[in-house]
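Each chain, written out:
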Amino acid sequence: MVKIERIPGGLGVDGLELRRGKCGCGGGGLDCCFTYSKVKREGDTIIYEGKATAPSTQQNFEWGYRVHKDNVVVVVKMEDTKDNKDFFAGSYPPSIEAWVERGWQVDENYERPLEN
Ligand SMILES: [Zn+2]
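These remarks concern the structure in this document. These numbers were taken from a predicted model, which means no experiment stands behind them. The residue numbers shown here count from 1 along each chain, following its written sequence. Reporting in this predicted model follows two pLDDT cut-offs: at least 70 for local features of residues, and 80 or more for side-chain atom pairs to be given and counted; totals over whole chains, interfaces and linings ignore these cut-offs and use all residues.

## A word on the nonpolar core
In this structure, V13, L18, V39, I46, Y48, Y65, V67, V74, V76, M78, W99 and W104 together form the largest nonpolar core, which totals 12 residues. For this core, the secondary structure elements donating two or more residues are β6 (45-51), β7 (60-69) and β8 (72-81). Strands here mean DSSP runs of E at least two residues long; helices mean DSSP runs of H or I at least four residues long; both are numbered from the N terminus. Per-element tally for this core: the top contributor is β8, with three residues. Nonpolar cores are identified as sets of buried Ala, Val, Leu, Ile, Met, Phe, Trp, Tyr and Cys residues joined via C-beta atoms within 7 Å. In this scheme every C-beta is placed from the backbone, and a residue whose C-beta has 20 or more other C-beta atoms within 10 Å is buried, one with 12 or fewer is exposed, and one in between is partly exposed.

## Things to note about the pairing of strand β5 (residues 36-42)
The pairing of strand β4 (residues 21-22) with β5 spans two bridges and is antiparallel. Bridging across to β5, K22 finds its partner in Y36. What sits between the antiparallel neighbours β5 and β6 is a turn of two residues, in which G43 has the positive phi angle 65°. By the convention used here, strands pair only if DSSP detects at least 2 bridges between them.

## Things to note about the sheet that holds β8
Taking strand neighbours across the sheet as the criterion, the six strands line up as β4-β5-β6-β8-β7-β9 in an open arrangement whose pairing is mixed. In this open sheet, the two strands that pair with only one neighbour each are β4 and β9 (105-113). Pairing of β7 with β9, which is carried by eight bridges, proceeds in the antiparallel orientation. When the sheet's bridge partners are listed, W63 is paired in β9 with E111.

The analysis is restricted to geometry; functional conclusions fall outside its scope.
Below is the structure:
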């Protein structure tokens, strides 16, 4: 059985952490306000969505993966950038290697350019 537990700000899955995050600046329209990470659970599927891009970023791309172990599935979608992203207010998901080390199977693993 894969252990899924609530942790502060997110979920712990098989000992790995998926956390929500958003900026606390009050929504002033700064770069940070466009970034976040979200975590939700739908049955045995855990979905993480993150966004580190902002109007100031140009070298944007998306990456993600889908892994499973027993009947539990983790889907990660990240809208990321190679530009400066010090303002990213979310929390990065675990690397895919961390899942594989714990015996998870990889269903999908991708990185592709993102059109602005
Ligand atoms: Zn902000």
